[in-house]
Every structure is written in C-alpha cells, then in structure tokens.
Amino acid sequence: MTLPDLGGGAIKGQTSVRLASSNFTVTAPDGFCVDETSVKDTVKTGFVLMADCAALRGKKHKVDQSRSVLLTTTVAAPLENPESVTPQALQKFFSTEQGRAVLSRNGDAVTVSASMEIVDDDTLILHIRDSSPVNIDGLSQDDWRAFTVIHNRLVTLSVTPFVGVTASNTSAKALVIQLARLLLAENVAQ
C-alpha cells in the first residue's frame, strides 16, 4: 500500500503549548517546535524550550542559519507590584552591576556586557555577551533576550545561537521580537 503525499515530507511537531498553571499559551515561530520534555508548568513558574522542528526530532538536514538557535520562554511568579516593572525600570536595573550579575550565567557582573532597546513601548530587548562558560555545549556566548510583563508576571524570552552556525544579530533580534509579539498577541487579549 502506498501512502499519499501529505505535505512534502515536512517534519511536524508541537508548535504551541498551554501552561495551564500560569494561564499562558506559548507558540513557536514558523519552523520551530516545542521541546515537549522541557516544559515546566507550576503555579509559580513556567518554562518552554523551542528549537528547529527537524533538529528536535533528531533529523539531519540543512538548517536555515536563522533557525540555528534555541528559544526559551520563562514565566516568573506573579509580581507583587507589576506597575513598577516597566521596560524603563528593567533597563535601569540591567545597567547596574547587580543587574549585569543577574544576566550572567555565573553571577559575575564582570563577564557581561549588554546593549538595550525598548520596542513596542512594552518590551525591553537586550543583546548580551557573557564570557562565563555556557551551560549547554555548542551554544554561543551571546544571546538576545526580551523582557515584558503579561498577566502581572515577568516573562523572559531568549534566542541563543549555536557556535559555528550563528544566526546573524539582525535575525536573532528579529526572532526574539517576533517571539515576544506572538506571546503578547496570544495572552494579552485573554
């Protein structure tokens, strides 16, 4: 028996996940899928890791440079005073030694440099270079992060390229902004 062609052999995977405990929907950008084993969903926090769909399935194929990255979404515990956690306040905090220490993988402010920009009036974008050791072999020492408040929770999004096939800064930045806009669009109107 010959099966019909159902879309050119594209690898399908889970592209969206509902974090019921924190009342969030996280959707991966086109070409990315949710790593179902990474999902954490508790009353206090949520976490989702996303990567190229084929790579998650262990398939070898020529990956678009712009998809040679890991994406994460982290939803923090509810804030006591969410009105005070503005992009401007976060920008000011991350400009301090204490803020850079928070951004560092090893907690040392000396290892971190960051450039910052506020987009769409509600999201802080950071391009971070951290010279401390990476937590996952093969990942670059620089990444892009977005911070925004949704449903009184601080949400952190990240795009981290792999070494050797690093996505351009322009595409990594565009991807973290796209991820933030997807999250806002799906969750703010609830």
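Relevant structure appears above.
Along every chain, residues carry numbers that run from 1 in the direction the sequence is written. Per-residue local features of the predicted model are confined to residues with pLDDT of at least 70, and side-chain atom pairs are confined, for both listing and counting, to 80 or more; whole-chain, interface and lining totals are unaffected and use all residues. Side-chain measures here rest on the full set of heavy atoms in the structure, leaving out hydrogens and waters.

Sorry if this is basic, but what is going on with the pattern of salt bridges here?
It is possible for side chains of opposite charge to pair when their charged atoms get near one another. For salt bridges, the criterion is a side-chain nitrogen of Lys or Arg within 4 Å of an Asp or Glu carboxyl oxygen. Under the criterion given, the structure shown has four salt bridges. Salt-bridge contacts for R105 lead to D130; the nearest nitrogen and oxygen are separated by 3.9 Å. Of this pair, R105 sits in the loop between α3 (97-103) and β7 (112-119) while D130 sits in strand β8 (residues 123-130), and the two are 25 residues apart along the sequence. Taking the relative accessible area as the measure of exposure, D130 reaches 2% and is therefore buried. Strands are runs of DSSP state E lasting at least 2 residues, helices are runs of H or I lasting at least 4, and numbering of each runs from the N terminus. Relative accessible area decides the class of each residue, using a 1.4 Å probe on protein chains only: under 20% of the type maximum gives buried, over 50% gives exposed, and in between gives partly exposed.

Would you mind showing me how to read the state of the cysteines here?
To count as a disulfide, a pair of cysteine sulfur atoms needs to be within 2.5 Å. For the structure shown, the criterion picks out one disulfide. The disulfide bridge from C33 ends at C53, spanning 2.0 Å between sulfur atoms. Measuring handedness by torsion sign, the sulfur bridge of C33 and C53 sits at about 90° and is right-handed. A residue pair is termed long-range when its members are at least 10 positions apart, and C33 in strand β3 (residues 32-34) and C53 in helix α1 (residues 53-56) qualify at 20 residues. Assigned by exposure class, C33 and C53 land together as buried.

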